Amino acid sequence: MSKNVYFFGNGRADGTAEMRNLLGGKGANLAEMTNLGIPVPAGFTITTEVCTAYYQNNRQWPAGLEEEIRENMKKVEAAMGKGFGDVNNPLLVSVRSGARVSMPGMMDTILNLGLNDETVQGLIKSSGNERFAWDSYRRFIQMYSNVVLGADHSKFEAIIEEKKKERGVTLDNELTAEDLKDLVAQYKAWIKANLNREFPTDPWEQLRGAINAVFLSWMNPRAITYRKLHKIPEEWGTAVNVQAMVFGNMGDNSATGVAFTRNPSTGENVFYGEFLINAQGEDVVAGIRTPQEISLAASQQWAKENGISEEERKAKYPSLEEYMPECYQQLLELRKKLEGHYKDMQDIEFTIENRKLYMLQTRNGKRTGQAAIKIAVDMVEEGLIDKKTALLRVEPEQLDQLLHPMIDPKAKVTIVGKGLPASPGAAVGQVVFSAEDAERWHEQGHKVILVRTETSPEDISGMHVAQGILTARGGMTSHAAVVARGMGKCCVAGCGEAVVDEANKKVTINGHVFKEGDWMTLNGSTGDVILGQAPLVEPEIAGSFQTLMTWADEVRTLQVRTNADTPHDAKVARDFGAQGIGLCRTEHMFFGPEPERIKAVREMILAEDGEARKKALSKILPYQKADFIAIFETMKDLPVTIRLLDPPLHEFLPHDRKGQEEMAKEMGIPVEKVIEKVNALSEFNPMLGFRGCRLGIIYPEIFATQVQAIFEAACALAKKGQKVVPEVMIPLVGTTGELQKIREYSVKVAEEVMAREGVKLEYLIGTMIELPRAALIADQIAEYADFFSFGTNDMTQMTFGYSRDDAGRFLPTYVEQKILKDDVFQKLDQEGVGQLLEIGLTKGRATRPNLKVGICGEHGGDPSSIEFCHKIGMDYVSCSPYRVPIARLAAAQAELKNPRRK
Ligand code: PEP
Ligand code: MG
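Cut-offs and rules
- Residues numbered from 1 in each chain as written.
- Chains lettered and ligands numbered in written order.
- Predicted model: local features only at pLDDT ≥ 70, side-chain atom pairs only at ≥ 80, totals over all residues.
- Heavy atoms only, no water.
- UniProt positions renumbered as here; feature names shortened; annotations may be inferred.
- Helix = DSSP H or I, 4+ residues; strand = E, 2+ residues; numbered from the N terminus.
- Contact = heavy atoms within 4.5 Å.
- Areas by Shrake-Rupley, 256 points an atom, 1.4 Å probe, with all protein chains shown as cover.
- Donors = N, O, S within 2.8 Å, 3.2 Å for Na, K, Ca; no water.
- Buried < 20%, exposed > 50% of the residue type's maximum accessible area, 1.4 Å probe, protein only.
- Core = buried A, V, L, I, M, F, W, Y, C linked by side-chain atoms within 4.5 Å.
- Pairing = 2+ DSSP bridges.
- Axes fitted to C-alpha atoms, helices over the stretch in contact; angles between N-to-C directions.
- Salt bridge = Lys/Arg side-chain N within 4 Å of Asp/Glu carboxyl O.
- Domains from an automatic or database assignment.
- Disulfide = S-S within 2.5 Å.
- Near = heavy atom within 4 Å.
- Polar contact = N/O pair within 3.5 Å; in protein donor to acceptor, adjacent residues only side chain to side chain.

Going by an unreviewed UniProt entry, the chain carries the name Pyruvate, phosphate dikinase and comes from Capillibacterium thermochitinicola. As stated in UniProt under Catalytic activity (unreviewed entry), the record for the chain gives "pyruvate + phosphate + ATP = phosphoenolpyruvate + AMP + diphosphate + H(+)".

Laid out in structure tokens, this is it:
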């Protein structure tokens, strides 16, 4: 006969950590902790096989199970020095489920089992606390009746409410022992009247009922749905853990607490924890009483910060180190043992019952980004883990917290609305509703938050001076989101609850009205919109951050470049370790600081013929050349990919009457002419319209001018001795013809410039692959491309047929309803879009085996997408400057998980 029940207690367990399938996750952990010599309240685990047999056997227990349980209960009684059903010194137990994988809250739990009218007297004696004993008893009846007898929870709540009314109190804890005793009688009467049975008084009958209820809860609708969603097979079954209850609320010799083996917010290697005397676990979490520090030093520090004298501290809030020194010493030893075993920072829960310490739980502790890095690096230095483990232990996304100001986690804030966390960090400022107002307020020394329905390239200057940006429309790759991330600026996008009234300069969010000049705080890491000025903290970049990045660079095989359009962004990215620019969007330069830039662009757009266009372009040329010189200089010898003009031309014209009038005045033409041009350029689907290389086919002089500027800049620097290898990138190519033509004239311009300047440069002309067709015919395209860069923003848009700027209306619901796993503009859709990347890369390299391939869509900064890019064999990813460290770590993790290096 196989073993059905596994004991744990008194430093020895029948099971082991490896027996997860048989004992469930919780049972295996309890066994593991016990075997480590951690004082866990004794108990036993009924195996998952019994659950399966129970269902196969018409919901009957297998032969011999009852005897096994009784034998094990004897061991528990011996370990705890109490008796199950003993009226003088009763052992109470908890009965809990525990599947192979955790299914939080899906199945049932019963606490305080073993109480009846006799044993409750024993509990009063052993605890010396009558109220506690009756409260435990009434909670048990309530829980048991609900879980095992199927009574509606609310019936009991109604009885309590009635009692409170009768006694003229509002809170449960204001009821006296007498009241609770009376509630027990009322509960039992209710059960008899409504369920036609007595509440079971025999502890063994109680136990049988509870075990069956846990088995049955494996098949409750919640659990079934959870299993379906998480692909957990029904045959696995659940184990049942029966464990001695211990009480931290048995008087002043009892306590309960939580602790971290290291500081979870800074990572500092100090024991960090809190406890409460005469309390239950939930009291610590609930925050009703002030918990006390475990260690003396922390307690003194706390008193100092709160202006509490040493006498008062000692009398009212002593540390555990002073109050129960022997338990404190034991905890210190356990801390060392746990870290030595689990090789990670642990989050522990403990209870002290009559000066005896019990551990209830230990698990890897949650931590901030800063702590994650420090702990990982420290543990390598302490010899606990190796570098590889350290690199895999830090979530790349967590680094983000170190790269932007944050809202003080201790601050209480009022959240009025929620949008997409489009660009992380926090921003506090006064609300303005246009780019001009942003600039004006900024000049007057104000900090502003720019609120727009959506942003366009015209808003760049306003975005630049704003602390943060809030938009009502648009997704994670909307203009506002992309530009804000590029600037490292906080942005909450697509806040559907925000009604922006730009004309009247106000925004209404869930009933809160913000007028121009009102204070607002944005949390770009969570998408929260907050009332007023929340306090911010500057993140600290610790030395271990640098160490971890160095280790990442030693490991990774994927290069990390950046998307940068200005020397400032380029410099930030370089400082963060970028190995080049993977995408320089030239259009943003047209909105640069000097008004002549946009004026010249507008002249070019209004031009009636090629000659006029060339004339306007010749005014743009020196600006572009200066921009490129500055960027090449910043990047020094690192590669720079410059993309030729991509957006539709109407984006450079004003769309409101006021702007159009201003433009007409400035250019000395009638306003009708401007309006006529705006109308002529308007498109039904601008994203599918006259943009990208299509501009370069219809107006070759535009691209030719840009190429000329690039090569003149490169030659100027080459003459000064700098090595420059320009990489010219053609956007939105879908046919070989487009690329062939543009390449041809670009080469001609490049050669002419170099001949004129007397400089010979190495250079590359490549293309973006951002249309599905381009990926499918990538072998032909590669004939004319020296490199490929996947523009996955457009590729995602074009593959799904979701407009990048409008998807915010439905994508969140798609994710909520699990139609899509993630926002596909944030995380690459590996299943669909990923196939196109793989096809594109494979076909491209079939033509040119050494073809350099990268990605420059927003996905280039997303860890799971980076792992995919690594796996399919890309050479580099390119992401916004503030994501470069994240990408470096993600690339290292990708290499560790899927080594390319032999
Ligand atoms: C892309 O489409 O992925 C891309 C990088 O280009 P843009 O976002 O400028 O269209
Ligand atoms: Mg694109």
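Following the structure, the description resumes.
This part covers the overall build of the chain. From N to C terminus, the chain includes 35 helices and 32 strands. Principal axes of the C-alpha set define a box for the chain whose edges measure 105 × 60 × 55 Å. For the chain, long-range pairs separated by at least 24 residues make up 68% of all intrachain contacts whose partners lie at least 6 apart in sequence. Here the chain has roughly 38100 Å² of accessible surface; of this, 50% comes from carbon and sulfur atoms.

The subject of this paragraph is the coordination of the magnesium ion (ligand 2). Around the magnesium ion (ligand 2), the protein supplies Glu770 (OE) and Asp794 (OD) as donor atoms, at distances of 2.0 to 2.1 Å. Here aspartate 794 lies in helix α31 (residues 792-800) and glutamate 770 lies in the loop between β29 (764-769) and α29 (772-776), a separation of 24 residues in the sequence. Judged by relative accessible area, glutamate 770 falls into the buried class, the value being 2%. On the accessibility criterion, aspartate 794 (2% relative accessible area) is buried.

As a further point, take the UniProt feature "binding site: Mg(2+)" (unreviewed entry) in the chain. UniProt records the feature "binding site: Mg(2+)" (unreviewed entry) for Glu770 and Asp794 in the present numbering. Separation in sequence by 25 residues is not matched in space for these annotated residues, since their most distant C-alpha atoms are only 5.4 Å apart. Excluding anything up to four places from it in sequence, glutamate 770 contacts Asp646, Pro731, Leu732, Gly791, Asp794, Met795 and Met798.

Take the nonpolar core next. By size, the foremost hydrophobic cluster in this structure holds 131 residues, and its most contacted members are Phe632, Phe652, Phe703, Phe711, Ile730, Phe788 and Met874. With 11 residues, the top contributor of residues to this core is helix α27 (residues 700-719). Beyond its immediate chain neighbours, meaning those up to four positions away, phenylalanine 711 contacts Pro726, Val728, Ala750, Val753, Met754, Leu761 and Tyr763. Among the nonpolar cores identified, the runner-up in size contains 70 residues, and Phe7, Ile141, Ala213 and Tyr358 belong to it.

This paragraph deals with the side chain of aspartate 459. By the secondary structure assignment, aspartate 459 is in the loop between β16 (448-452) and α18 (460-465). Discounting residues that sit within four places of it in the chain, aspartate 459 has contacts with Ala435, Arg452 and Glu454.

Time to look at the sheet that holds strand β19 (residues 498-501). Pairing in this open sheet of 3 strands is antiparallel, and the strands run β19-β20-β21 from one edge to the other. Edge positions in the sheet fall to β19 and β21 (512-515), since each has one partner strand and no second. The average undirected angle you get between the axes of adjacent strands in this sheet is 15°. Pairing geometry for β19 and strand β20 (residues 506-509), over 4 bridges, is antiparallel. For alanine 498, the partnering residue across the bridge sits in β20 and is isoleucine 509.

Let us now look at unusual backbone geometry. Where the residue is not glycine, phi is negative for most of them; where a peptide bond is considered, it is trans in most cases. We note that asparagine 58 has phi near 60°; this positive angle belongs to a residue other than glycine. Relative to the helices and strands, asparagine 58 resides in the loop between α2 (48-56) and α3 (65-80). Positive phi is not limited to glycine here, since arginine 355 has a value of about 65°. Here arginine 355 is to be found in the loop between β10 (346-353) and β11 (356-364). Classification of arginine 355 as partly exposed rests on a relative accessible area of 36%.

The next point concerns the pattern of salt bridges. Enumeration according to the criterion identifies 62 salt bridges in this entry. Lysine 164 serves as the salt-bridge partner of glutamate 161, at 3.2 Å between the closest nitrogen and oxygen. Remark: lysine 164 and glutamate 161 occur in helix α6 (residues 153-167); sequence separation between them is 3 residues, near one turn of the helix. Assessed through its relative accessible area of 42%, glutamate 161 is described here as partly exposed. For glutamate 312, the salt bridge identified is with lysine 316, shortest N-O distance 3.3 Å. With glutamate 312 and lysine 316 both in helix α12 (residues 310-316) and 4 residues apart, the pair spans about one turn of that helix.

Moving on, we come to the UniProt feature "domain: PEP-utilising enzyme C-terminal" (unreviewed entry) in the chain. Under the feature "domain: PEP-utilising enzyme C-terminal" (unreviewed entry), the UniProt entry names residues 543-895. When the span residues 543-895 is considered, its composition is 54% helix and 10% strand, and the gap between its end C-alpha atoms is 24 Å.

This next bit is on the domain arrangement of the chain. The assigned domain composition of the chain is domain 1 (51-57 + 69-244), domain 2 (255-367), domain 3 (404-537) and domain 4 (556-648 + 683-897). If you average the C-alpha positions of domain 2 and of domain 4, the two centres end up 54 Å apart.

What follows concerns the environment of glutamate 666. Here glutamate 666 is to be found in helix α24 (residues 657-667). According to the relative accessible area criterion, glutamate 666 is partly exposed, its value standing at 49%. With 67 residues separating them along the chain, glutamate 666 and lysine 599 place their C-alpha atoms 8.3 Å apart.

Counting across every chain of the model gives 0 disulfides. As a non-bridged cysteine, cysteine 693 has cysteine 856 as the owner of its nearest cysteine sulfur, 14 Å distant.

This part takes up the site of ligand 1. Looking at ligand 1, there are 14 residues lining it, with Arg585, Glu770, Gly791, Asn793 and Arg804 nearest. In the environment of ligand 1, an oxygen atom lies 3.0 Å from a nitrogen or oxygen atom belonging to the backbone of threonine 792. In this structure, aspartate 794 approaches ligand 1 through a main-chain N or O atom, which is 2.9 Å from an oxygen atom. Isolated, ligand 1 exposes 290 Å² of accessible area, and the fraction of that covered by the protein chains is 96%.

One open sheet accounts for 8 strands, arranged β13-β23-β22-β15-β16-β17-β18-β14; its pairing is mixed. The open sheet has two free edges, formed respectively by β13 (415-418) and β14 (420-423), since each of these has just one partner strand. Neighbouring strand axes in the sheet, compared pairwise and without regard to direction, differ in orientation by 30° on average. Bridge count between β14 and strand β18 (residues 490-493): 3 bridges; the pairing is antiparallel. Bridge pairing in β18 places leucine 420 opposite alanine 493.

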